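For reference, the chains in residue letters:
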Amino acid sequence: MKRGIILSAAALLCALCGAGPLWAAGAQKTITSGPGEVTELWTGKVLSATFRAGMCFGADGKARGVLILRHANGQEDPYHLYGHIRANAFDLTHSSGHSFTGRITGPRSMEGRVKLKNGLTLNLEGERTLDVPLAAEDCAPLAP
């Protein structure tokens, strides 16, 4: 009987040790500002929607990120953005043809324009939070 309990305990321990990496794989890897890249979270409002944008900027000026637009009804639409930032001005595009341009206006602020592929242009302003953790894969903002 003792032998069966010991074997069962050993099997449980092996199962738990083997499951450890599976638990870790489910965890989202994050990045924060470091020597090669700066991370920021931009938040604000455009019309009746709010936005959260996780942005990563490389030392070479390359920029990437994900803007999540949350509509008044609670629906969220993510937009993966790519482009560059130079002298506090940014120029980003989405694969759909939408563009997002603007500038950093202060240590905690930014302003920009979203130009939809149909030509409609919307102005926006946002707050910046520096050195925030973002999703490592695509710089998406983490869930609030």
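Residues numbered from 1 in each chain as written. Predicted model: local features only at pLDDT ≥ 70, side-chain atom pairs only at ≥ 80, totals over all residues. Heavy atoms only, no water.

(A) View of the overall build of the protein. From N to C terminus, the protein includes one helix and 10 strands. Walking the protein from its N terminus toward its C terminus, one meets helices and strands in the order α-β-β-β-β-β-β-β-β-β-β. Out of the 144 residues belonging to the protein, those deemed buried represent 32%. Long-range contacts, defined here as pairs at least 24 residues apart, represent 34% of the contacts in the protein between residues at least 6 apart. Element-wise, carbon and sulfur atoms account for 59% of the exposed surface of the protein, whose accessible area totals about 9100 Å². (Helix = DSSP H or I, 4+ residues; strand = E, 2+ residues; numbered from the N terminus. Buried < 20%, exposed > 50% of the residue type's maximum accessible area, 1.4 Å probe, protein only. Contact = heavy atoms within 4.5 Å. Areas by Shrake-Rupley, 256 points an atom, 1.4 Å probe, with all protein chains shown as cover.)

(B) Representation of the sheet that holds strand S9 (residues 121–130) in the model. The strand order around the closed barrel built from eight strands is S2-S3-S4-S5-S6-S7-S8-S9, with neighbouring strands paired in antiparallel fashion. When the angles between neighbouring strand axes are averaged without regard to direction, this sheet yields 30 degrees. In this sheet, strand S5 (residues 76–86) lies alongside strand S4 (residues 62–70) in antiparallel orientation, the contact comprising nine bridges. From the neighbouring strand, Val-66 faces S5, where its bridge partner is His-80. (Pairing = 2+ DSSP bridges. Axes fitted to C-alpha atoms, helices over the stretch in contact; angles between N-to-C directions.)

(C) Representation of the packing of aromatic side chains. Under the definition given, this model contains four aromatic pairs. Ring centres of Trp-42 and Phe-90 lie 4.8 Å apart, and the angle between their planes is 45 degrees; on these two criteria the pair is classed as tilted. Pair noted here: Trp-42 is in strand S2 (residues 37–46) and Phe-90 is in strand S6 (residues 89–93), with a separation of 48 residues, a long-range link. By relative accessible area, which is 2% here, Phe-90 ends up buried. Relative to Phe-100, the ring of Phe-90 lies with its centre 5.3 Å away and its plane at 50 degrees, an arrangement referred to as tilted. In this pair, Phe-90 is assigned in strand S6 and Phe-100 in strand S7 (residues 99–106), connecting sequence segments 10 residues apart. Accessibility assignment for this pair places Phe-90 and Phe-100 in one class, buried. (Phe/Tyr/Trp six-rings, centres within 6.5 Å; stacked < 30°, edge-to-face > 60°.)

(D) Inspection of the state of the cysteines at higher detail. The full count for this structure, using the stated rule, is one disulfide. The disulfide partner of Cys-56 is Cys-139, and the S-S distance across this bridge is 2.0 Å. The disulfide joining Cys-56 to Cys-139 has a torsion of about -110 degrees about its S-S bond and is therefore left-handed. Here Cys-56 is found in strand S3 (residues 49–58), whereas its partner Cys-139 is found in the segment after strand S10 (134–135), with 83 residues between them in sequence. The burial state of Cys-56 is the same as that of Cys-139; both residues are buried. (Disulfide = S-S within 2.5 Å.)

(E) Structural context of the pattern of salt bridges. Evaluated as defined, the whole model comprises five salt bridges. The partner of Glu-37 in a salt bridge is Arg-64, and the shortest N-O contact between them spans 3.2 Å. With a gap of 27 residues between them, Glu-37 in strand S2 and Arg-64 in strand S4 connect regions that are remote in the sequence. Between Arg-103 and Glu-111 there is a salt bridge, and its shortest N-O distance comes to 2.9 Å. Classification of Arg-103 by relative accessible area gives partly exposed; the value is 44%. Beyond isolated ion pairs, a larger network of salt bridges with shared partners links Arg-52, Arg-70 and Glu-76. (Salt bridge = Lys/Arg side-chain N within 4 Å of Asp/Glu carboxyl O.)

Worth remembering: the numbers are spatial, not functional.
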